[in-house]
Amino acid sequence: MGATIDVDIGGTFTDCFVVWDGRYGKGKSPTTHYQASIGFKNAITAAAESFGVGLADLLVDTEVIRYSTTIATNTLIEKTGPRLGLITTAGFEDTMLIGRGRQWADGLPTAEVRNQARAEKPEPLIPREMIVGVHERVDFEGEVVAPIDREEVREKLAYLVNKGAMGFVVSFIWSCMNPVHEQVVRDVIMEEYPDTYLGSMPIILSSDVSRKRGEYLRTMTTVLDAYLHRDLSEQLTSLNEELIDAGYEKPLMIIHGTGGMSRLSHTAAVDTYNSGPVAGLLGGAEIAKMYGVENVLVTDVGGTSFDFGVVVDGEASFYDLFPTIERWRVQTPLLEVKTIGAGGGSIARISPTGSRITVGPESAGSMPGPACYGLGGKEPTVTDADLVLGYLNPEYYLGGKKKLDTRRARRAIEDRIAKPLGMSVEEAALAIKRVVDSTMGGEIFKEVVLKGYDPREFVMLAYGGAGATHCCGYAEALDVSRILTFPYSSVFCAFGGSVMDILSVYESSDSFIFYDNLTGSYFDEYDRFNLIVNDMVFLAFRDLKSQGFDIDLADFSLELEMRYGTQFFTENVASPVGMLHGTEDVKAICDRFTEKYKVLYGETSAYPDGGIEVLSMRLKATYPLGHYRFPVHSPDGSDPAGALKGTRSVVWDESGPVSTPIYDAALLGCGAVVGGPAIVEADDTTCVVPGGWSYAVDRFLDGVIEKTK
Amino acid sequence: MAGRDLDILERVYPEPTTEEESRCMELLTPAEFEIFSHRMQMIALEANEVLIRTLGSPAGLAGDVGACIYTAQGDPASAAVGIWAHAFGGQLPIKYIIKHWMDDPTVGVRDGDVFFCNEALCGCVHPPDMGTFMPVFYEGRLIAWAEAMAHTTDTGAVDLGGFCMSAESRYEEGMKVTPIKIAEDFQLKNDILTMMENMVRDARVSTLDNKSRFAACMRIRERLLEVAEKKGPDYVVGGLRKMIEEGSSAARKRIEELNDGIYRQPIFMDMEEAESRGGGQYFIRVMVSIEKRGDRLIADLTGTSPERATSLNCRKHIIHPYGTGVIFCSHLFPDLPPSIGLTDCVELKVPDGNLFNPSEDAAITLGPASAFAANQGCFACMARLLFDSDLRSQLTSTYPYVTLIAVWGGMDRKGNVFASLGLDLNAGGFPARVDKDGVDTGGFHVATRSDCEDAEDIDVLSSMSYLFRRQGTDNFGHGMNRGGAGLEYAYLAHKSPMMILGNNGGCGRFSSAPGIFGGYAAPPLIGVKLSGSRITEMLENGDPLTPVSIQELLERGETLGGTMDVESPMLEIGPFNEGDVFATMQGGGAGYGDALERDPASVVRDVTGGLVSDWAARNVYRVAFDRETGLVDEGETARLRSEEREDRKRRGISLEEFEKEWSRKSPPQASLKFYGSWPNCD
């Protein structure tokens, strides 16, 4: 088999993971926001070099290129989307602007939400003057209550076109139950405006994007899709052209934030949001399988943020309860990867009360960056603390590509933290480290226990530039005793892309009372339920076939959103059956829901007597692809002493400054074990191994950090 | 028997720090303290999320909840909200339990107990706000309390939906439970759950909410014990007290830096009497005076109207949690940890018999509305206090005091009996700021994390639909910076098996929010009831004249058929039959500064966006512009504004003349029946 290439276009770097000829290579290059294809090509070229070939030689033997991209984030931050027109039900033109009222708080960290005096709703993606209402009405049962008038639609379209609309979003009340009026608008647009005018202008119907109740969320999902469409399309076109010029003409697959992947023609732009971190999460699921462990915490510590996700029973299957894309709530079922403002660049400060040290969420970013970068940063950061504590080597940061200034780091910590609190610089640096580790640990803890699991039963994966540096710290906060780090840690999200399967998600918001509290009876309209499942399966077959996949190899699973009585929120339940054949099937689903509910909220919390309802269904269609298997090595018997670079004074939480051995990760062979305290330096990260922990190179050449006492 | 213990209602301040707490506080270094605080915040957030995910009432959707960790003495130390008052509202019931039940052999406080309370005379806010409180013991030592509170939508009161506009005494306000064990040995007691189900209309909501609050308390307990196990119980005891002391000392320090002075603001609430009691409009005055002296704030409500025979009475202890939450946690000190320590600097003066200090038998379910009015007065006073300070950016004009809460019930489309309330109140306008406009449909000011619903949700929460739902035009205060617009909406009875609807609220005659520094007040609000209309027929015919705003409803009046009543937003509870329409709006925020100083381009933008009418652009802002192109005529605008400034001078009269004329005026006597003596409520 030829090569597979996976690329993750991130905010700062474009990472590449290539599997070819039974081994892997990695490449990294700065992201070129002005033209992503340049960074994209550079990263692949860098990876090709690790095989000793040029770009063209690699591409000519490549089977597939998959990629994840942050373009959705960039488009939203830079507001570079097109001028869109929104056509909605008359009387509901302000839906996008009202949001859920508290729209000003969506997507903000808790600390900012507290400051109500400075609240500000985000600038709408479609200005009010570009939103028009059309008289029409469909009700909650999908019945047409008020017909739509094509002439009125034409008038409103003419207004939007005159105002410069470069694309149309159509979102009517209850279109999720009956899309007929949205389809009428699309027909009118197609009739009125010839292809030459429309060109690549999107016409997106909310009913095509989501069939779930809630017009604000549905409208926003649709608006985002249309808004992101152009930039994504341009990026892809540019990538395609570059690749064709370089000799590659096979498929370009796009990774989705839903955990799926498909060709461009089957990708909604909004699906690409957060696809990089989601690929990392799925990479974590693959690692879990490789090691035969069920539950894994996936953690990524970068410069400004800390991303984490949860894998349970070998699967990444938790979807965000309140998905928010930047400042907008949506209905897209995004796989849950949480982000908090904590990383190497996070700034440490004394609280306004003077009684505590806070770290983040503000970050010094990469410019000016931490004080030790010497680029003008004056505020102390986590990286400065790591340097002062001796964890980082000022001469070997990023393999020596960046020199760090310890003097500046010390001064920043001394001036801003140590002196005001009457501490030594080392004490202050240690406090900064402990606070950020604890913050990261606390956030993971909350999310894991809310899912009904005990963090102590998880293995942790740590990647990103500072993951290996801080993982033992936040693992302590969780009582996690085993951590895995990777030689490909710096391109882990790209690696994640390489293990993904084709996955498509289909949703329906039809609801069913599975247990009726009024009559004490179970649901018996099996055909109605099965028909909807069948419809979703049909759509999945159609999509897989049109992409050239053999549908016999596809795998299907059904998830149900269920609730008791009058609850508003639902729990996601993996259905033990695909189709209903009798009461036993319905009871089995109800029992599965109640079991899960009890695990989540306690034995006495369940309330089946109040009635059980299914509010929506989700069908996941998976088409498995071949994945790279890491070769298994045997211990080479090499002495870790051969990897010893020397010693330096390192300040440890439990023992203060200790002369500590420093190892070169590249020279530690399979089976090598290093006891803490120790520092293991790689060219892309630094692994900090405190006393009471050990670092071992295992059969996959991954670094396993374990608690020894 | 403990009986009623009104002394407990005075204990709204942190209890004195014990020697044990002082000793334990020393265990926490600055880093340890930050780690501890963050951990407590995570625990409270986790419990809050458990509540939201599991409640049966719409409070789950709205986030009308609070979870909080309390000290062993019953002081709120770390909260997650929802509504701040829900998080801080447990302190008096907990102190009641400690005082009366701890050593009572027939009750006792033991590991595994969970208490329930919704009685305002024992420190709760009002009957629909139901709380559970759980002692947290570590190896037999009481180290903390867990609290979870949520608004449950029915109390079995004379009116459905929890708010009782027709109640004249507490005996019409439904279930009111003094602190009682709802769980023992970590098990909810079915006899108590059944008793509560028996007292309300919607049994399922009652039980789901009780299970939800119980689960949230259990979660806090479990987590606190994990911390105690790992770090020791002293760490928990010391950390919780330190959070309160830190808040207290930091708040005092900041208050001290502000200018000393006395700041006053009267607020006039106008409400509509139920037809069953003769109808008509009436006024109430809420007089707020804030004296800032050193590191103290003395809030004096003397001069407020007396207690009255409706449910607008408000117990004074609830001023504190509302004040703490919205003013201190969300405006003055959003960077300080949210604990009851922040209000340690506030002294509250309320004479007996005042609306805020009523007799024991007074009805109080709409008391929060009065608290919001007091709150609004505080905002107006604080704006003047903060103007000359480093906190000027935190200054706002006033929020609308009135929150229109629809209550409804009947039979849902699946055949279940229901009694609930609407969430439109969570889309009111926010006030203008010193440097920017208020937020349009920004929310409900005391509920920082509460949501309104999607329009489609109302078909699930009730058995009616929205006819329209939009941001209101001119329903806020104009000004150099304008207030945020409130939500404007209409309900339509559609495929309703049986629908009962009412709407709590007022402001039909008087401003809902006074402006600041020359900004306009937000205007009065309106309620339009259309019975037996042709609306359904118009929809079916695709009639383009089907109204999609209140203005269109009013303009098309008779052509819509049926009977139209245009009144205040108050709608007496009654049948809402197929085709009936009720339209109203949430108040907007008040304005800041002179409207003539507003950037003309912003006025045009608001006209285009439907927020400001042509009339207001012309007559309030004095802006000339081309409706087609949106271009401002700068010269003509300058001339119009100059002309208006000259006119103002001509219209002006001396203070003496004004007082002379003003003192002769009085509202109609009939509207003063609850006011107290005119004009000073003596």
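What you are looking at is a predicted structure, and each value in this text was computed from that prediction instead of being measured.

Draft legend 1. Representation of the overall build of chain A in the model. A tally of regular secondary structure across chain A gives 18 helices and 34 strands. Over its C-alpha atoms chain A spans a radius of gyration of 27 Å, differing by no more than 12% from the 27 Å that the globule rule assigns to 709 residues. For chain A, the spread of C-alpha atoms along the principal axes amounts to about 80 × 60 × 60 Å. Every one of the 709 residues in chain A was classed for burial, and the buried ones make up 55%.

Draft legend 2. Main features of the overall build of chain B. Scanning chain B from terminus to terminus reveals 17 helices and 20 strands. Over its C-alpha trace chain B gives a radius of gyration of 25 Å, about what one expects of a compact globule, namely 26 Å for 682 residues. Dimensions of chain B, computed from the C-alpha atoms along their principal axes, are close to 75 × 60 × 50 Å. Expressed as a percentage of its 682 residues, the buried residues of chain B come to 65%.

Draft legend 3. Just the interface of chain A and chain B, in detail. Between chain A and chain B, the contact holds 72 residues from the first and 82 residues from the second. Those elements that provide at least two residues to the side of chain A that touches chain B are helix H4 (95–98), helix H5 (110–114), strand E8 (144–146), helix H10 (215–245), strand E19 (357–363) and helix H14 (425–450) of chain A. With 11 residues, the top contributor of residues to the side of chain A that touches chain B is H14 of chain A. Broken down by class, the residue content of the side of chain A that touches chain B amounts to 32 nonpolar, 20 polar and 20 charged.

Draft legend 4. Molecular detail of the sheet that holds strand E15 (residues 487–492) of chain B. Residues and elements named next belong to chain B. Read across the sheet, 5 strands follow the order E14-E15-E20-E17-E18 without closing on themselves; strand pairing throughout is antiparallel. Each edge of the open sheet is held by one strand with a lone partner, namely strand E14 (465–471) and strand E18 (563–567). Neighbour to neighbour, the strand axes of the sheet diverge by 10° on average, direction disregarded. In the sheet, strand E17 (residues 527–531) pairs with strand E20 (residues 581–585) via 4 bridges, with the strands oriented antiparallel.

Draft legend 5. Fine view of the confidence of the model for chain A. Confidence in the prediction for chain A averages 91 pLDDT; 99% of positions are at 70 or higher. When mean pLDDT is taken per element in chain A, strand E5 (residues 85–89) of chain A scores highest with 98 and helix H8 (residues 195–198) of chain A scores lowest with 63.

Draft legend 6. Structural context of unusual backbone geometry. Residues and elements named next belong to chain B. Cis rather than trans, the peptide bond between Val 81 and Gly 82 has omega equal to 15°. Note on placement: Gly 82 falls in the loop between strand E2 (76–81) and helix H4 (84–88). In this chain, Trp 678 is followed by Pro 679 through a cis amide linkage whose omega measures 5°. Here the phi dihedral of Glu 139 falls at roughly 50°; this positive angle occurs in a residue that is not glycine. Topologically, Glu 139 is positioned in the loop between strand E4 (129–138) and strand E5 (141–151). The class of Glu 139 is exposed, set by 10 C-beta atoms lying within 10 Å. Its identity as a non-glycine residue notwithstanding, Arg 622 has a phi of 55°, on the positive side. Among the secondary structure elements, Arg 622 is positioned in the loop between helix H15 (614–619) and helix H16 (634–651). Arg 622 sits in the buried class, given 22 other C-beta atoms within 10 Å.

Draft legend 7. Seen up close, the domain arrangement of chain B. All names here are of chain B. Looking at chain B, the domain boundaries give domain 1 (6–10 + 27–249), domain 2 (257–391 + 652–682) and domain 3 (396–593). Domain 2 and domain 3 are separated by 25 Å when their C-alpha centres are compared. Across the boundary between the two partners, domain 2 contributes 23 residues, which contact 23 residues of domain 3. Residue assignment for the side of domain 2 that touches domain 3 shows that the elements contributing at least two residues are strand E8 (261–272), helix H9 (319–332) and helix H10 (367–387). Residues of the side of domain 2 that touches domain 3, tallied by class, amount to 14 nonpolar, 6 polar and 3 charged.

Draft legend 8. Focus on the domain arrangement of chain A. Residues and elements named next belong to chain A. Each assigned domain of chain A is listed with its residue range as follows: domain 1 (3–75 + 233–254), domain 2 (80–231), domain 3 (275–341 + 452–498), domain 4 (502–623) and domain 5 (640–707). Across the boundary between the two partners, domain 1 contributes 6 residues, which contact 8 residues of domain 2. Of all the secondary-structure elements, those providing two or more residues to the side of domain 1 that touches domain 2 are helix H3 (71–78) and H10. Split into classes, the residues belonging to the side of domain 1 that touches domain 2 amount to 2 nonpolar, 3 polar and 1 charged.

Draft legend 9. Representation of the sheet that holds strand E30 (residues 673–675) of chain A. Residue and element names in this part refer to chain A. Spatial ordering of the open sheet is given by E17-E14-E13-E20-E21-E34-E33-E30, a layout of 8 strands whose pairing is mixed. For this open sheet the edge positions go to strand E17 (338–340) and E30, each flanked by a neighbour on one side alone. Strand-to-strand, the axes of this sheet are offset by a mean angle of 20°, without reference to chain direction. Bridge count between strand E14 (residues 306–311) and E17: 3 bridges; the pairing is antiparallel. Among the inter-strand pairings, Phe 308 is bridged to a residue of E17, identified as Lys 338. Helix H15 (residues 467–478) rests against strand E13 (296–301), strand E20 (459–463), strand E21 (482–485), strand E33 (693–697) and strand E34 (703–707) of the sheet, and its axis sits at about 150° to E20.

Draft legend 10. Seen up close, the confidence of the model for chain B. Across chain B, the average pLDDT comes to 92, with 99% of residues at or above 70. Across the predicted assembly, pTM comes out at 0.91 and ipTM at 0.94.

Draft legend 11. Layout of helix H7 (residues 203–231) of chain B. Residues and elements named next belong to chain B. Helix length check: H7, at 29 residues, gives a terminal C-alpha distance of 42 Å against a target of 42 Å (1.5 Å per residue), a fit within 8%. Most of H7 sits inside the fold, with 23 of its 29 residues counted as buried. At the C-terminal side of H7, Gly 232 shows a positive phi close to 100°.

Draft legend 12. Just the packing of helix H6 (residues 190–199) of chain B against H7 of chain B, in detail. Residues and elements named next belong to chain B. Orientation of H6 relative to H7, taken along the N-to-C sense of each, is 145°, at an axis distance of 8 Å. As for the relative orientation of H6 and H7, their crossing is right-handed in sense. Along the contact surface, H6 presents Leu 193, Met 196 and Glu 197, while H7 presents Ala 203, Ser 206, Thr 207 and Asn 210. Tallied by class, the residues present in the contact of H6 with H7 amount to 3 nonpolar, 3 polar and 1 charged.

Draft legend 13. The arrangement of the packing of helix H6 (residues 150–162) of chain A against helix H7 (residues 180–192) of chain A in detail. Residues and elements named next belong to chain A. Across the interface, H6 lies against H7 with an axial gap of 10 Å and an inter-helix angle of 60°. Taken together, the axes of H6 and H7 are oblique relative to one another. Between H6 and H7 lies a crossing whose hand is right-handed. For the pair H6 and H7, contact is made by Arg 150, Val 153, Arg 154 and Leu 157 and by Val 184, Val 185, Val 188, Ile 189 and Glu 192, respectively. Split into classes, the residues belonging to the contact of H6 with H7 amount to 6 nonpolar, no polar and 3 charged.

Draft legend 14. Expanded view of the pairing of strand E12 (residues 405–411) of chain B. Residues and elements named next belong to chain B. Of all 7 residues that make up E12, 6 are buried, and the element is covered over most of its length. Strand direction decides the pairing type here: E12 and strand E16 (residues 498–504), joined by 7 bridges, are antiparallel. Bridge pairing in E16 links Gly 410 to Met 499. The sheet contact formed by E12 and strand E13 (residues 417–421) spans 5 bridges and is antiparallel. Its bridge partner being in E13, Val 407 is matched across the sheet by Leu 421. Between the end of E12 and the start of E13, which pair antiparallel, lie 5 residues, with Gly 415 showing a positive phi angle near 100°.

Draft legend 15. Highlighting the environment of Phe 372 of chain B. Residue and element names in this part refer to chain B. Following the sequence through the fold, Phe 372 ends up in helix H10. A sequence separation of 29 residues divides Phe 372 from Tyr 401, and the C-alpha atoms of the two residues are 5.1 Å apart. Phe 372 has contacts with Tyr 401, Thr 403 and Val 446, leaving out every residue within four places of it along the chain.

Basis of the calculations
By convention here, each chain's residues receive numbers from 1 onward along its written sequence. Chain letters and ligand numbers both follow the written order, the letters beginning at A and the numbers at 1. Totals for whole chains, interfaces and linings use all residues, but because this is a predicted model, local features are given only for residues with pLDDT of at least 70 and pairs of side-chain atoms are given and counted only at 80 or more. The numbering of helices and of strands both runs from the N terminus, where a helix is a DSSP run of H or I of at least 4 residues and a strand a run of E of at least 2. C-alpha atoms define the radius of gyration, and 2.2 Å times the number of residues to the power 0.38 defines the globule rule. Whether a residue is buried, exposed or partly exposed is read from the other C-beta atoms within 10 Å of its own C-beta, which are placed from the backbone; 20 or more gives buried, 12 or fewer gives exposed, and intermediate counts give partly exposed. Our contact criterion uses C-beta atoms placed from the backbone: two residues qualify when those atoms are within 7 Å. In this classification, Asp, Glu, Lys and Arg are treated as charged, Ala, Val, Leu, Ile, Met, Phe, Trp, Tyr, Cys and Pro as nonpolar, and every other residue, Gly included, as polar. Should DSSP find at least two bridges between two strands, the strands are regarded as paired. As a rule, the C-alpha atoms of each element are fitted with a line to give its axis, helices using only the stretch in contact, and angles between N-to-C directions run from 0 to 180 degrees. Each residue carries a pLDDT score, the predictor's confidence in it, ranging from 0 to 100. Domain limits in this description derive from either an automatic procedure or a database domain assignment. Multiplying 1.5 Å by the helix residue count minus one yields the expected span of that helix. The sense of a crossing depends on the near helix, which, turned anticlockwise from the far helix by less than a right angle, makes the crossing left-handed and, turned clockwise, makes it right-handed. Each angle gets one of four labels, with under 35 degrees taken as roughly parallel, over 145 as roughly antiparallel, 65 to 115 as roughly perpendicular, and the rest as oblique.

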